[in-house]
Amino acid sequence: MSGLYRLLLHLYPKAFRHEYGEEMTDDFARTTAHAGSLGKAGLLMKAVADVGGNAFVVHWNILRQDLGYTARTWNRGRGFALTAMLVTALGVGANTAAFSVADFVLLRPLPFPDAEAIVRLCEGPREGGGWGCMNQLSPANYRDFKTQNSSLISIGAFGGSSINLVGIGEPRRIAIATVTPELLPVLGVQPIRGRVFGPSDQDRDAVVISYGLWQSQFSGDRDVVGRVVNLDGGVRTIIGVMPRGFYFPARETEMWSALTLEPDDYANRANSYIEAVGRLKPGVTFEQARADLRAIATRLSQQYPDTNAETGISFYRMRENMSPRFRTMLLGLGGASLCLLLLTCANLANLLLARAASRERELAVRAALGAGRERLMRQLITESVAIAVLGGAAGIGVALVCIPLFSSLVPPTLPVANQPALDLRVLAFALLSTAAIGLGFGLFPALRGRRSGFAALRDGARTTGGRTQRVRSVLVTVEVMLSVGLLIVTGLLGRAVWRVQAIAPGFRSEDVLTLQTALPRPKYDDPVRRGQFYEQVLPGVRALPGVQSAGFISGLPIAMPALITGVEVPGQPVRDRRLSGVSHRWITPQYFETMGIPLIRGRDVEITDTAARQWVAVVSASFVARYWPGQDGIGKTFKHLGKERTVVGIVGDVKVRGLERTSEPQLYVPALQCPDGLPPQFDPKALVVRHSGAPDSLMGPIRQIVRAADPEQPISSVRPMDDVVASVTADRRAQLQLLGAFAIVAVLLCGVGIYGLLAYSVAQRSQEIGVRLALGAEPSQVGRMIFADGMRLTLIGIVPGAVGAYFAGRAMQALLFGITPSDPMTFTTAIAAALLMAFAGSVLPVLRAVRVSPTSVLKAE
Amino acid sequence: MTIDDRDEIDALLPLQHAEFHILLALSGGDCHGYGIIQDVEARTNGALRLSPGTLYRTIQRLLEQGLVEEPRKPARPVGKSDPRRRYYRITRLGTAVARAETQRLTELVRLAKHVWRVAESS
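Residue indices follow the written sequence of each chain, beginning from 1 at its first position. By the order in which they are written, chains take letters starting at A while ligands take numbers starting at 1. Under the rules for a predicted model, residues below a pLDDT of 70 receive no local features and side-chain atom pairs below 80 are neither given nor counted, while totals for whole chains, interfaces and linings still include all residues. Side-chain calculation: all heavy atoms of the structure are included, whereas hydrogens and water are not.

**Quick notes on the sheet that holds strand β3 (residues 87-90) of chain B**
Residue and element names in this part refer to chain B.
Stage number 1. One requirement defines pairing of two strands: DSSP has to find at least two bridges between them. What counts as a helix is a DSSP run of H or I of at least four residues, what counts as a strand is a run of E of at least two, and both are numbered from the N terminus. A sheet is described by the order of its strands in space; here three strands give the open sequence β1-β3-β2, paired in antiparallel fashion. Each of the sheet's edge strands pairs with one partner strand only, and the pair in question is β1 (31-32) and β2 (68-69).
Stage number 2. Pairing of β2 with β3, which is carried by two bridges, proceeds in the antiparallel orientation. The residue of β3 that forms the bridge with Glu69 is Arg89.

Structure representation (structure tokens):
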């Protein structure tokens, strides 16, 4: 019994146990002496509660004393405490924010039940391929995959488009997805109101709306189910509302309507415009399902060689629907923030070591007055942990501010919100990093404090700093290493971003305003009616003060990289549109002039290019180079969507697919020369306006002009063309800005580290310096000696830092856009910056060393 | 008693239940821990039995506050002296504080009785 009780006493602090342990055990033994075995067990249970409760109070009292003492020490040296907390807050904040985003994008399951089993299916090339949906499916291929596979429980198809919502306030353009009845059940998310689409044809005119649309357009009306809305001039009934946080297929999608495939839709296997989502059968692995679907694709390519000879599948988990570059960027960012965390720890350890060294005498005096070692260590750890906890709390604040800055690193293709919410995982991570910092830098000085004993008192004023100094030198070297690494990686990525931004897009984006006026069908089925709309809008816009030119196009370059088609050139073999398509757009006159795309030869499309006249086309220089190499393209003919066209103009090439990607040759055709039955995505709907002066003043008059032409016509996506171009590099720039901020903080911390170390070393060596000066050394020699100390540490740190950065650069090569990971300019600049930082950190300590007066130092001795 | 002493005593009031009982137990003479437990139990007719945990935590606190000290040799021990045990002795300040607490409680009881009398008569 007494043995057990003694064991229990370990809950108390050691000092308390030593002081009262024997007495307590003795008292306990007397109390239990006369009890029976049952009574003894009861008393033991009581003792557990008694010792546990009282031990807690004793610990709590000590903690209160230590915190009080800590507060008094901080009050004496506020600079130290504030610096330490700020540094912790930065380390924890940056890491927590980077972790939240990386976790959100890379690790956390998507917000669907059993999300890992959800897969996406598209057509793709037979061999190889990139990420995501390579080519959409044709309904016929979709049907065959659906009926012939044996690995999916269920599979549904969807298509995307946008639609005009009229009659509730200002007309609005909203993104809508058409989905087959199987699709929403495949995702497994239940509506919060009403229902989703039924299997029969009954829901042809029904829509399901998103939570966001329910709130914004219907003010969260509880009776929204059954309400009728006017969409693109047609009447639809709302049958359900999806829950908050349900996104599919994209974040912007606010409405879902039923996709019903008619027998006609299955006629042409080459007409691909849907994508599929399925759920793996339990027990079927992703790889098994892929093999199953591949086999079906092979069978189809043998059965239908005309259309399917080159058709394979792109099959991937829904989670993987993002560019691999996001993974690289987020991992890079995670690595950088870990570096910052390490640097933070090194910096704080350095600060605390310096402080512990200067407090060695104080601690020795306290030890001499009877404070036990355990008690002193506990005091030191309490101080460190208090800094870590306060800094960590501030760090969560820093993270909350930082997380929105990371939102452009969340891939827009993932069906998740654009930024993570602060949740338990994130808080746990913040707690972990705080603990890492608290222990990482708190234990060093405490362990040193343990060794100090009475040595400090014996040595008089001189402190025993040799070992501390060595540890601190190592820490400073590590700081240099990490900050050089961060500097170089940031430099490499920065050079890559500048290189991407320096690419000429082929048009002049400045002073061009863009907006969308999507014309609803069936109201605008007739191309003549569409022509009337353009004729009403364009002259009015062109007449506005400050407007130089204006035109319409089916889709803006970069913003709309799709719209790829094939053409047939007489005397040349027909090329597969998937392998060598062209980008095609319907335009009105003045589009080229507005966008600043040079007309190399021939003419622009004209208002007289109607369906009744010769069908013409304007093509880009690369179009001519592909089909008629070495010839003049003007006057050449080719077939496009079944119609023969004659080339009347040649224009400069444009980066339709964005700055970093190769673009197809471009084909532009007049808006009014349009084959019947062309789907609405080919209508010219993007209005581009070249203007001088502020674009804001234009929007009011443009709205009036559009309203006069059609009061039900919404205007959406108003933005300068500059923004469209900038959006291509938005994710890169966000990553770069964050890394840049990390690198700057790292360099500053490192400079402070070098300064602290040298300043302390000068203070400690003042006697030695005094003696040297007294013996005839020149002050400049002494200055050089201190300066050399700082430089030596810096150089030792630079080498591993540069090597590490080279390997980090290699891992991120996909982001470097042709910049080599050993780019000499970046390395030179970064190393120069590190040396400059070391120099700046050394200036004050060197001056202090030079100014040491031999007489006063020796007098003090 | 000076004004400073008065302030020092007031700062320590009110005493916790266990503190007051330990000071009362020690006012009869030096005593070891187990003796205090027994004394308190006897004085309260078994209503209060201090556990070792509470006892020594409180003693530690009383020692820190200077209300109790550890004599080298116990004088006037309560019961039979046991040389293996550690003895505790109430200090002058401890006595003053215990008296002040007694006074405080007396005042409190007087006030409470008055309140009840008024309540019953109205």
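**A word on the confidence of the model for chain A**
Stage number 1. For chain A, per-residue confidence averages 85 on the pLDDT scale, and 95% of positions sit at 70 or higher.
Stage number 2. Every residue is assigned a pLDDT by the predictor, reflecting its confidence on a scale from 0 to 100. By definition, residues are in contact when any of their heavy atoms lie within 4.5 Å. Taken as a whole, residues 460-464 of chain A scores under 50 in pLDDT and shows twelve contacts with residues more than four places along the chain or in a different chain.

**Thoughts on the interface of chain B and chain A**
Stage number 1. Opposite the 21 residues of chain B that make contact, chain A presents 16 residues.
Stage number 2. Of the roughly 1600 Å² buried at the junction of chain B and chain A (both faces included), carbon and sulfur atoms supply 47%.
Stage number 3. Using a 1.4 Å probe, buried area is obtained as the accessible area two parts lose upon being combined, added over both of them. Taken as a group, Tyr56(B), Arg57(B) and Arg86(B) account for 35% of the area that chain B buries against chain A, more than any other trio of residues on that side.
Stage number 4. The term salt bridge refers to a pairing of a side-chain nitrogen on Lys or Arg with a carboxyl oxygen on Asp or Glu at a separation within 4 Å. If you look at where chain B meets chain A, you find four salt bridges.
Stage number 5. A salt bridge links Arg86(B) to Glu19(A); the shortest N-O distance between them is 2.5 Å.
Stage number 6. Polar contacts here mean pairs of N or O atoms no more than 3.5 Å apart (in protein, one a potential hydrogen donor and the other a potential acceptor; neighbouring residues in sequence count only if both atoms are side-chain atoms). Our enumeration of links across chain B and chain A arrives at ten residue pairs in polar contact (both at pLDDT 80 or more).
Stage number 7. Among the elements of the structure, α3 (33-43) and α4 (52-65) of chain B are those that each provide at least two residues to the side of chain B that touches chain A.
Stage number 8. Classifying every residue of the side of chain B that touches chain A gives eight nonpolar, five polar and eight charged. Amino acid classes used here: Ala, Val, Leu, Ile, Met, Phe, Trp, Tyr, Cys and Pro are nonpolar; Asp, Glu, Lys and Arg are charged; the rest, including Gly, are polar.

**A look at the packing of helix α21 (residues 730-764) of chain A against helix α24 (residues 824-850) of chain A**
Residue and element names in this part refer to chain A.
Stage number 1. Axes here mean lines fitted to C-alpha atoms, for a helix over just the part in contact, with angles spanning 0 to 180 degrees between N-to-C directions. Interhelical geometry of α21 versus α24 gives an angle of 20° and a closest axis separation of 8 Å. The orientation of α21 with respect to α24, classified from their angle, is roughly parallel. Relative to α24, α21 is oriented so that their crossing is right-handed. On α24, the residues that touch Val747, Cys750, Gly751, Ile754, Tyr755, Leu758, Ala759 and Val762 of α21 are Met837, Ala838, Gly841, Ser842, Leu844, Pro845, Arg848 and Ala849. Any angle that is under 35 degrees is reported as roughly parallel, and any over 145 degrees as roughly antiparallel; angles of 65 to 115 degrees are reported as roughly perpendicular and all others as oblique. Handedness of a crossing is defined here by the sense of rotation of the near helix relative to the far one, left-handed for an anticlockwise turn of less than a right angle and right-handed for a clockwise turn.

**Comments concerning the pairing of strand β9 (residues 275-280) of chain A**
Residue and element names in this part refer to chain A.
Stage number 1. Within β9, six of the six residues are buried, leaving the element largely enclosed by the surrounding structure.
Stage number 2. Neither face of β9 is exposed, since Glu275, Val277 and Arg279 on one face and Ala276, Gly278 and Leu280 on the opposite face are all buried.
Stage number 3. The pairing of strand β1 (residues 118-125) with β9 spans four bridges and is antiparallel. Its bridge partner being in β9, Ile118 is matched across the sheet by Arg279. To sort residues, take the accessible area from a 1.4 Å probe on protein chains only and compare it with the maximum for the residue type: under 20% means buried, over 50% means exposed, and anything in between is partly exposed.

**Topic: the environment of Ile118(A)**
Residues and elements named next belong to chain A.
Stage number 1. Structurally, Ile118 is set in strand β1.
Stage number 2. In this structure, the C-alpha to C-alpha distance between Ile118 and Ile155, residues 37 residues apart in sequence, is 9.6 Å.
Stage number 3. Excluding its chain neighbours within four sequence positions, the residues that come into contact with Ile118 are Phe112, Pro113, Val186, Leu187, Val277, Gly278, Arg279, Arg317 and Met318.

**Quick look at the state of the cysteines**
Residues and elements named next belong to chain A.
Stage number 1. Two cysteine sulfur atoms make up a disulfide if the distance between them is within 2.5 Å. Applying the stated criterion across every chain, the model contains one disulfide over all chains.
Stage number 2. For Cys122, the disulfide goes to Cys133, at an S-S distance of 2.0 Å. Handedness of the Cys122-Cys133 disulfide follows from its S-S torsion of about -100°: it is left-handed. Within this pair, whereas Cys122 is found in strand β1, its partner Cys133 is found in the loop between β1 and α5 (139-148), the two being separated by eleven residues in sequence.
Stage number 3. Owing to a relative accessible area of 0%, Cys122 belongs among the buried residues under this scheme.
Stage number 4. You can see Cys750 has no disulfide; the closest cysteine sulfur is in Cys339, sitting 12 Å from it.

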